[in-house]
Amino acid sequence: MNGNAAYPAKSRAVKAPASAAQDDILTELRLKPELCTKWKYGRRSNVLANEAVTLGGHPPALNGGLKVQRYGGLEFINNFDSANGEIFPHGPDAERFHILLRPDPSDGAESTGRRRWFHFGVRLGEGQVAPVKARFVVNNLSNMLDLYNLDGHRPFCYQMPGAGTWRRLAEDCSFACHEEQVDEKGVEDSKKSPCRLKDECLLPRVRQLVEGEKKRKSFYIAWDFQVEHGITTYFAFSPPYNYASMQEYLNQLERFFESKHEGEIIPSYMPRIERNGGGSGTLSQRSAATKPPKVKVTVEHAACDPVKKMYIWVRKDASMLQVRQAIMEALGLKKLSLVRLVKRMGSDKRLMTSMGDSERLSQKSHVLMMGYDFPDGFSGPEPQAEEPRKEEALPLAQGGESHQWEPCCGENVYFHRQRLCLSKEGRRIDLLTLSEDLRDPTAKQVVEAPPEGFRTCSVSVDGDTPARHFARPIIFVSARVHPGETPGQFAFLGFLRFLISDDPRAALLRQQFVFKMVPMLNPDGVARGHTRANIGGLDLNRCYGDANPGEHEGVFWVLEWLKHWTQQGELLFYLDMHAHAHTRGCVLYGNRLPSTLSQVWNVAFAKFCELNGPHFDFQGCEFPPNAEKETESCGRACVAALCRLSHAYTLECHYSIGRQAHPLEDPVGLDERCVHPGMNVPMLCQVPYGIYEWESMGEALAVSILDLHGINSFSRPSAKMILHQVSESLSPGKSPEELEKADPKQALKRPDEDSGNFHDFQLWRVMHTMVVARENPNLEAQVLEVFGKGQLLAVAEEMGNWVRLHAPSGCLGGKLNTDLDQVRRPCAYMLIDGSAKGLGQLLQKTDFVMRLPDTENGEK
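Procedures and definitions
- Residues numbered from 1 in each chain as written.
- Predicted model: local features only at pLDDT ≥ 70, side-chain atom pairs only at ≥ 80, totals over all residues.
- Heavy atoms only, no water.
- Helix = DSSP H or I, 4+ residues; strand = E, 2+ residues; numbered from the N terminus.
- Buried < 20%, exposed > 50% of the residue type's maximum accessible area, 1.4 Å probe, protein only.
- Contact = heavy atoms within 4.5 Å.
- Areas by Shrake-Rupley, 256 points an atom, 1.4 Å probe, with all protein chains shown as cover.
- Axes fitted to C-alpha atoms, helices over the stretch in contact; angles between N-to-C directions.
- Parallel < 35°, antiparallel > 145°, perpendicular 65-115°, else oblique.
- Left-handed = near helix turned anticlockwise from the far one by under 90°.
- Nonpolar A, V, L, I, M, F, W, Y, C, P; charged D, E, K, R; others polar.
- Phe/Tyr/Trp six-rings, centres within 6.5 Å; stacked < 30°, edge-to-face > 60°.
- Patch = residues over 30% accessible without salt bridge, like charges linked within 9 Å, V, L, I, M, F, W, Y side chains within 5 Å.
- Salt bridge = Lys/Arg side-chain N within 4 Å of Asp/Glu carboxyl O.
- Lys, Arg positive; Asp, Glu negative; His and termini not counted.
- Charge placed at Lys NZ, Arg CZ, Asp CG, Glu CD.
- Polar contact = N/O pair within 3.5 Å; in protein donor to acceptor, adjacent residues only side chain to side chain.
- pLDDT = per-residue confidence, 0-100.
- Pairing = 2+ DSSP bridges.
- Core = buried A, V, L, I, M, F, W, Y, C linked by side-chain atoms within 4.5 Å.

**Points about the overall build of the chain**
- Tallying secondary structure elements over the chain gives 16 helices and 34 strands in all.
- Looking at the chain residue by residue over its 860 residues, the buried ones come to 58%.
- Here the analysis covers contacts within the chain between residues at least 6 apart in sequence; of these, 76% occur between residues at least 24 apart.
- For the chain, the computed accessible surface area is about 36,100 Å², with 49% contributed by carbon and sulfur atoms.

**Considering the packing of helix α12 (residues 596–612) against helix α15 (residues 719–730)**
- Across the interface, α12 lies against α15 with an axial gap of 9 Å and an inter-helix angle of 135°. With respect to α15, the element α12 is oriented oblique. The two elements α12 and α15 cross, and the hand of that crossing is right-handed. The segment α12 lies against α15, with Thr596, Gln599, Val600, Trp601, Val603, Ala604, Lys607, Phe608 and Leu611 engaging Ala719, Ile722, Leu723, Val726, Ser727 and Leu730.
- Looking at the contact of α12 with α15 residue by residue, the classes come out as 11 nonpolar, 3 polar and 1 charged.

**Focus: the environment of valine 307**
- Summarising the element assignment, valine 307 is placed in the loop between β14 (294–301) and β15 (309–315).
- The exposure class assigned to valine 307 is partly exposed, which follows from its relative accessible area of 40%.
- Spatially, the C-alpha atom of valine 307 lies 8.2 Å from that of aspartate 376, the residues being 69 residues apart in sequence.

**Structural notes on the packing of aromatic side chains**
- Using the criterion set out here, one finds 34 aromatic pairs in the structure.
- Considering the side-chain rings of phenylalanine 120 and phenylalanine 235, the 5.5 Å spacing of their centres and the 40° angle between planes classify their relative orientation as tilted. Placement of the pair is phenylalanine 120 in strand β7 (residues 119–124) and phenylalanine 235 in strand β13 (residues 232–236), with a sequence separation of 115 residues. Phenylalanine 235 shares its class with phenylalanine 120; the two are buried.
- With centroids separated by 5.1 Å and ring planes inclined at 35°, the aromatic side chains of phenylalanine 605 and tyrosine 649 adopt a geometry described as tilted. Taken as a pair, phenylalanine 605 in helix α12 and tyrosine 649 in strand β27 (residues 647–654) lie far apart in primary sequence, 44 residues in all. Of the two residues, phenylalanine 605 and tyrosine 649, both sit in the buried class.
- Among the aromatic side chains, those forming a connected cluster through ring pairs are Tyr71, Phe76, Phe97, Phe118, Phe120, Phe136, Trp223, Phe225, Phe235, Phe237 and Tyr655.

**Focus: a negative patch on the surface**
- The grouping of Glu665, Asp666, Asp671 and Glu672 at the surface amounts to a negative patch.
- Inspection of the secondary structure puts aspartate 671 in the loop between β27 and α14 (691–709).
- On the basis of relative accessible area, aspartate 671 is assigned to the exposed category, the value being 65%.

**Regarding the side chain of arginine 468**
- Relative to the helices and strands, arginine 468 resides in the loop between β22 (445–447) and β23 (474–479).
- On the accessibility criterion, arginine 468 (13% relative accessible area) is buried.
- A polar contact of 3.1 Å, which involves the side chain of arginine 468, links it to the side chain of aspartate 437.
- Apart from residues lying up to four places away in sequence, arginine 468 is in contact with Tyr414, Asp437, Arg439, Gln445, Val446, Val447 and Glu448.

**A few points about the confidence of the model for the chain**
- Across the chain, the average pLDDT comes to 80, with 78% of residues at 70 or higher.
- Low pLDDT (under 50) marks residues 280–291, which in the prediction has 28 contacts with non-local residues, meaning those over four places away or in another chain.
- Confidence drops under a pLDDT of 50 for residues 856–860, and excluding neighbours within four residues, the segment shows 18 contacts in the predicted structure.

**Structural notes on the pattern of salt bridges**
- The full count for this structure, using the stated rule, is 27 salt bridges.
- For the salt bridge of aspartate 430 with arginine 428, the shortest nitrogen-to-oxygen distance reads 2.4 Å.
- Aspartate 430 sits in the buried class, given a relative accessible area of 2%.
- Several salt bridges converge on common partners, so that one network encompasses Asp502, Asp503, Arg505, Arg673 and Glu699.

**What to know about the sheet that holds strand β12 (residues 219–227)**
- Spatially, the 5 strands line up as an open sheet ordered β5-β6-β8-β12-β11, and their pairing is mixed. On the outer flanks of this sheet lie β5 (86–87) and β11 (176–179), each paired with one strand and no other.
- Relative to strand β8 (residues 132–141), strand β6 (residues 96–100) runs parallel, the two sharing 5 bridges. Following the sheet pairing, phenylalanine 97 is matched in β8 by phenylalanine 136.

**Some words on the nonpolar core**
- If you look at the biggest cluster of nonpolar residues, it comprises 129 residues, and the most contacted ones within it are Phe136, Trp223 and Leu588.
- Phenylalanine 136 has contacts with Leu74, Phe76, Phe97, Val122, Ile221, Ala222, Trp223, Phe225, Val227 and Phe235, leaving out every residue within four places of it along the chain.
- Among the nonpolar cores identified, the runner-up in size contains 32 residues, and Leu521, Leu540, Val558 and Leu559 belong to it.

**Digging into the pairing of strand β28 (residues 758–766)**
- Strand direction decides the pairing type here: β28 and strand β34 (residues 843–853), joined by 8 bridges, are antiparallel. Directly across from glutamine 762, in β34, lies its bridge partner valine 849.
- The pairing of β28 with strand β31 (residues 792–799) spans 4 bridges and is antiparallel. Along β31, the bridge assignment pairs leucine 763 with alanine 794.

**Topic: the pairing of strand β18 (residues 366–371)**
- The pairing of β14 with β18 spans 4 bridges and is classified as parallel. Of the residues in β18, the one forming a bridge with glutamate 300 is leucine 368.
- Sheet topology note: the strand β16 (residues 339–344)/β18 ladder contains 4 bridges and is antiparallel. Directly across from leucine 341, in β18, lies its bridge partner methionine 369.

**Description of the environment of glutamate 693**
- Mapped onto the fold, glutamate 693 is located in helix α14.
- A sequence separation of 202 residues divides glutamate 693 from alanine 491, and the C-alpha atoms of the two residues are 8.4 Å apart.
- Glutamate 693 has contacts with Arg275, Asn276, Gly277, His615, Gly678, Val687 and Pro688, leaving out every residue within four places of it along the chain.

Here it is in structure tokens:
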């Protein structure tokens, strides 16, 4: 059976970019050979042409076709968009099927060595009618014992035909998660559980296949499932959202906004969604709120003899930064720098090194401290015992019950999609622009000028129009730099759908800000089923410090735009959306800023998120210094440093559950509006996370931006006190005037565009297949640059049947990518009408203008 037989015939193919053969038309122009010998970053032609796009059905096959492995009466499906996991042939056991997880390609860094994501399909083999009760064992996983065994996470499944929604595995699946036992004692312990012993019997062979002679810890998960006739079942670590689905959804939104759309239901990115992921094993049966208990930690002064000790109580999953903060609060200190945690190196007690703030307390109950000389035997306040709650459990979606959220589109929504760049395998990375469009139809349409790098790189698409330019602060949001972290993707989609909805708060956001959004930064990693790495084995969230367009294409061009917006005095906010497995709940990681007042605004945003999001946990947020080696090259830290931002964050959404969800205050004036299903938490309780819960975080983040930096007449009652409360906590005694002066929004300074240095340049569009720019307005003059059909050019002057360009690159990049403006060739001329040569109309004037500094033309 081939791959095409498994998919619906009506699947649409992704439109591939132009091939290299189309670019060969350059030779027909009889250019000088030296002009065409080297292309810097031209089009890539190796896009996977047969990647079909489906939304809500079977996932599309990757290049090379679907891979179907027959084994033990079942067929295992692989090599589709976001797939990872192949059947491992193993002897006569017809009940157990071992799935081998493929690790990411890795550059050797610890962050790319994590093995978490899996996604595979299974169905009955040809001729098989009777259902098969099977046990699936996924091998070669990283350590996630806490996630599965303590937090109750379970894989998700999707059946076609069937419920048409991603749901967690049922409680009766006999789920298990264990570390492979390689020593004799471990084997003896396994014998106490015959099921576990059978699950593990093949793991040594699997480890040898994957790692050769290397010996390292390997973990596995296993579950039972009955495969029915005529049904294909897909399993995944968390609900997947692949590259093809994202492209199809963006295509839907483009078509939606091309027609009359106000008041209509916004297209859905997934056919059906269930609250709480359809339940989460035993979590759906709990009748009382629980949270990780606080543990007693002994703090020993490492420089005192005799030894001094003190005792504090902190959360079991606390980071060292939170431990330091707890010590500071217990001792009544004002500066966190007085508390320094260290660890000994080797057997010599005199050798010590600092502990990183991001390290976890884990199972430790003893830490070493340097700095402040505390009194021996000091004890921090003990946690108060909580009385058991008598409330009933939160009602969860069970069976086939579905709660579909269908918001309607707002008025005057400006939605624009453009290509940021192509990935190494030729997949499109998009940049979206959202704001309010109240343009006068008779006024000029001023479009956004690109970053400097666009003038020598062919990253724009022929026919694309730049986004409209709005004189408003810019909020930048991105997701999926780590392919396996799909909860961050759903938070992004929740953010996007809220912004274009008819919610009055969304209208206020569009009026006051411009939103620049990159939905999927690492499409190659998503399509290939990676956990964290791109196709080159790099963790792109550790490459912001030295990004280049050859290896880190999405990250590089994001940074170029961010720096460009900073130079324009427009960038206010940066947010990158992720998922994590170690801290329950949804939290923000920010930066520790040198200015105390700036830090007040920084921390206040996280406090607003807790006010507006029932699943947000302010206590789990961290604001470490930028100098931490582990994260100094991540987007949050690098963008804050390069762009001098107070607001630069990483959102982390837990895969399974929060510590404790909390009910929200009702926003003022919105009593008649329906509440998002993920926001509907009637009491303090633990809520299993699903797509709606992650999606609701997007709404909470958007409303928090409005509360902090906008004018929100629909704020929740407590919003007015948050900034003052954070100020009193971090910087007591500061006046409201001092706090207002530190507002990052007030610090934005745009260049003086009213001065004589800026002018509006008319944009012209290329109408012929290829048109050349020459050194002089003469058909015999030297060719400087070449432009393709649909490209836009900034024109400085119209001269009869010729135009003079603002720059040889046309301001959006030509085909040859030459740097002629840097070698004293700043002028370029193009013919408007080539009818005399049988070429027809070459250029056509558009209604767009681009505001640019008039410093590049030099002498005519």
